[in-house]
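For reference, the chains in residue letters:
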Amino acid sequence: MAHDHAHAHSHHGDGDLAEMLDLDAEVLHDYYREVIGWAGSLVPDRPRIVDLGAGTGTGTLALARQLPNAELTAVDMDEDMLERLRHRAAEAGLAERIRTVRADLDGDWPGLGPADLVWASASMHHLADPARTLTQVYATLRPGGAFMITELDGFPRFLTDPAGAALEERCHAELARFRQEAGLHMGEDWGARLKAAGFALEGERRFDIELRPPLPPNAVRYAQVTLQRTRQRLADRLTGDELTALDAAVAGAPDRNDLTIRATRDVWIGRRP
Ligand SMILES: C[S@@+](CC[C@H](N)C(=O)[O-])C[C@H]1O[C@@H](n2cnc3c(N)ncnc32)[C@H](O)[C@@H]1O
């Protein structure tokens with residue numbers, strides 16, 4: 001059962017991440033619909049698609065639904081994520097068109113191409129060497145193939161009351177520092193990097209997403225999971241008072257009627273000439 005699986009997964013250290021990724025796609029569905037439609041417009045009729053850092057497969061599954069003739073390869077280094085992805089694909093009747101490949105994309109790549117579309121959603125910032133990765137993507141695409149990168153500037157913001165907004169601001173500053181220290185490539189100019197790697201830059205767009213209250217239950221849960229993950233990450237970096245306030249925000253999320261979601265997503269499309 002899907003629920004049992006999700007529950008079992010939550011014992012794993014990154015269980016919250018898996019739930020957060022699933023909820024992200026559900027809650028930001030208008031954005032996803034638009035961006036997946038855009039991806040679908042880039043490819044021929046029987047496309048071969050590679051999803052880099054596929055996670056729980058939100059992109060893989062959405063692309064498979066959008067493009068009924070597509071064959072997809074989902075790549076991730078995390079076997080738990082891939083297992084969840086396979087489970088979801090089977091549930092959706094899409095397993096036959098989706099294969100999973102476990103690989104560390106910072107190492108040597110397995111044979112993934114030739115692909116018509118390489119899709120990387122919130123995964124490029126994890127990879128150690130952007131220039132090397134772009135060279136590998138280029139080699140994975142057939143001539144004329146497209147690379148679609150989507151990135152985020154951080155977690156969404158949920159709290160609008162003055163004290164909550166100030167707390168969230170402080171958390172975001174610490175999270176940004178945390179990510180920088182961890183060597184994550186957030187805030188990269190992927191357009192410039194694509195061009196430097198020999199791609200033609202075909203599209204570039206920022207999505208400013210806002211969901212106003214009252215939020216549906218899955219969006220409230222998304223806020224709660226995200227704030228909880230923030231709390232875990234910043235346990236050593238916030239003051240006792242700040243942690244207490246954050247705990248209260250996590251615990252109190254289901255009872256609030258003022259939660260908002262504000263998020264930004266950036267999308268770039270590079271075309272291999
Ligand atoms: C933030 S998640 C994004 C997941 C998915 N693309 C989405 O949009 O929901 C990043 C994913 O990249 C994977 N990842 C990070 N570094 C990786 C690496 N070196 N090789 C392969 N996968 C990696 C993680 O395991 C994780 O599943």
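In this convention, every chain numbers its residues from 1, walking through the sequence in written order. Side-chain atom pairs in this predicted model are given and counted only at pLDDT of 80 or more, local residue features only at pLDDT of at least 70, and totals for whole chains, interfaces and linings cover all residues. Hydrogens and water are ignored here; the side-chain numbers use all heavy atoms of the structure.

Under an unreviewed UniProt entry, the protein chain has the name SAM-dependent methyltransferase and belongs to Paractinoplanes toevensis.

What to know about the overall build of the protein chain
Rules: In DSSP terms, a helix is any run of H or I states spanning at least four residues, a strand is any run of E spanning at least two, and both are numbered starting from the N terminus. The buried label applies to any residue whose accessible area, calculated with a 1.4 Å probe on protein chains only, is under 20% of its type's maximum; exposed applies above 50%, and partly exposed to all values in between. In what follows, residue pairs with any heavy atoms lying within 4.5 Å of each other are defined as contacts. Per-residue accessibility takes into account occlusion by the displayed protein chains alone, with areas from the Shrake-Rupley method and a 1.4 Å probe.
Along the backbone of the protein chain there are 10 helices and seven strands. Viewed in the frame of its principal axes, the protein chain has a C-alpha envelope of about 55 × 45 × 35 Å. Sorting the 273 residues of the protein chain into buried and exposed places 50% on the buried side. Sequence-distant contacts, at least 24 apart, represent 81% of the contacts inside the protein chain between residues at least 6 apart. Here the protein chain has roughly 12,500 Å² of accessible surface; of this, 50% comes from carbon and sulfur atoms.

Looking at unusual backbone geometry
Between Gly 113 and Pro 114 the backbone carries a cis peptide bond, its omega angle lying at 0°. Residue position: Pro 114 is located in the loop between strand E3 (98–102) and strand E4 (115–121). A cis geometry characterises the amide bond from Pro 213 onward to Pro 214, with omega recorded as 0°. If you trace the backbone, Pro 214 turns up in the loop between strand E6 (200–211) and helix H9 (217–233).

Re the site of the ligand
Here is the rule: Whether a residue is near a molecule or strand is decided by its heavy atoms; if any one of them lies within 4 Å of it, the residue is near. Distance and chemistry together define a polar contact, namely a pair of N or O atoms within 3.5 Å, with one atom able to donate a hydrogen and the other to accept it when in protein, and with adjacent residues in sequence counting only for side-chain atoms on both sides. Residues are grouped as follows: Ala, Val, Leu, Ile, Met, Phe, Trp, Tyr, Cys and Pro are nonpolar; Asp, Glu, Lys and Arg are charged; all remaining types, including Gly, are polar.
As a structural note, the neighbourhood of the ligand is formed by 17 residues, with Gly 53, Asp 76, Asp 104, Leu 105 and Ser 121 the closest of them. With respect to the ligand, the backbone of Met 77 contributes an N or O atom lying 3.3 Å from a nitrogen atom. A distance of 2.9 Å is found between a nitrogen atom of the ligand and a side-chain nitrogen or oxygen belonging to Asp 104. Relative to its unbound accessible area of 600 Å², the ligand is 91% covered by the protein chains. Considered class by class, the residues forming the shell around the ligand number eight nonpolar, five polar and four charged.

What to know about the packing of helix H7 (residues 162–181) against helix H10 (residues 240–252)
What counts here: To obtain each axis, a line is fitted to C-alpha atoms, and for helices this fit is confined to the stretch in contact; angles are then taken between N-to-C directions over 0 to 180 degrees. Angle categories are assigned with fixed cut-offs, so that under 35 degrees is roughly parallel, over 145 is roughly antiparallel, 65 to 115 is roughly perpendicular, and the rest are oblique. Should the near helix be turned anticlockwise from the far one by less than a right angle, the crossing is left-handed, and should it be turned clockwise, the crossing is right-handed.
Running from N to C, H7 and H10 cross one another at 115°; their axes reach a closest spacing of 11 Å. Taken as axis vectors, H7 and H10 run roughly perpendicular relative to one another. Here the hand of the crossing between H7 and H10 comes out left-handed. Only Glu 242, Ala 245 and Leu 246 of H10 make contact with H7, whose side of the interface consists of Leu 167, Arg 170 and Cys 171. When its residues are assigned to classes, the contact of H7 with H10 shows four nonpolar, no polar and two charged.

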